[in-house]
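Letter by letter, the chains look like this.
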Amino acid sequence: QVQLVESGGGLVQPGGSLRLSCAASGFTLDSYGIGWFRQAPGKEREGVSCMPSSSHGKTYYADSVKGRFTISRDNAKNTVYLQMNSLKPEDTAVYYCAADASGYCSTYVSTYDDWGQGTQVTVSS
């Protein structure tokens, strides 16, 4: 069974940093596109970043996080990370990772096959 588990969320002050992890099981992560999404209360789930498989294009960052967030992958651990720096209160949301068997990354929720349960990130002073 395909499973994704996010971890690393928590409470952080504005300007601080967090690293989120997305651990995959039931499939080999390096052949999938992996996306990070977030959803704030009352808002739609939005794409934050994604990383394709090695033969399916380039990484993507939403304008709102570009220059502050970095997506990376550790194939040996079957895990994808989202390093979040210079955090702002508007980054507060539940963060989800998702896997796309096509190997592409996308900002569209409908393109992803599997989702994690989410991890809460709260940025507040």
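Structure first, text after, so check above.
These lines cover the structure that appears in this document, whether it is placed above or below. (Residues numbered from 1 in each chain as written. Predicted model: local features only at pLDDT ≥ 70, side-chain atom pairs only at ≥ 80, totals over all residues. Heavy atoms only, no water.)

This part takes up the nonpolar core. Among the nonpolar cores identified, the biggest contains 28 residues, and Trp36, Phe69, Leu82, Met84 and Tyr95 are the most heavily contacted of them. In this structure Phe69 touches Arg38, Val48, Tyr61, Leu82, Gln83, Met84, Asn85, Leu87, Asp91 and Tyr95, once residues within four positions along its chain are discounted. Formed by five residues, the second largest nonpolar core is a distinct cluster that contains Phe37, Cys50, Ala98 and Cys105. (Core = buried A, V, L, I, M, F, W, Y, C linked by side-chain atoms within 4.5 Å. Buried < 20%, exposed > 50% of the residue type's maximum accessible area, 1.4 Å probe, protein only. Contact = heavy atoms within 4.5 Å.)

Let's shift gears to the packing of aromatic side chains. Counted by the stated rule, this structure contains five aromatic pairs. A centroid spacing of 6.5 Å and a plane angle of 75° characterise the contact between Tyr96 and Trp115, whose relative ring orientation is edge-to-face. Placement of Tyr96 in strand β9 (residues 93-100) and of Trp115 in strand β10 (residues 114-115) is noted, with a sequence separation of 19 residues between them. The buried category is assigned to Tyr96, whose relative accessible area is 14%. Ring centres 6.0 Å apart and planes at 65° place the aromatic pair Tyr112 and Trp115 in the edge-to-face group. A network of ring pairs unites the aromatic residues Phe37, Tyr96, Tyr112 and Trp115 as a single cluster. Note that Arg45 overlies the ring of Tyr96, its terminal NZ or CZ placed 3.8 Å from the centroid. (Phe/Tyr/Trp six-rings, centres within 6.5 Å; stacked < 30°, edge-to-face > 60°. Helix = DSSP H or I, 4+ residues; strand = E, 2+ residues; numbered from the N terminus. Lys NZ or Arg CZ within 6 Å of the ring centre and 35° of its normal.)

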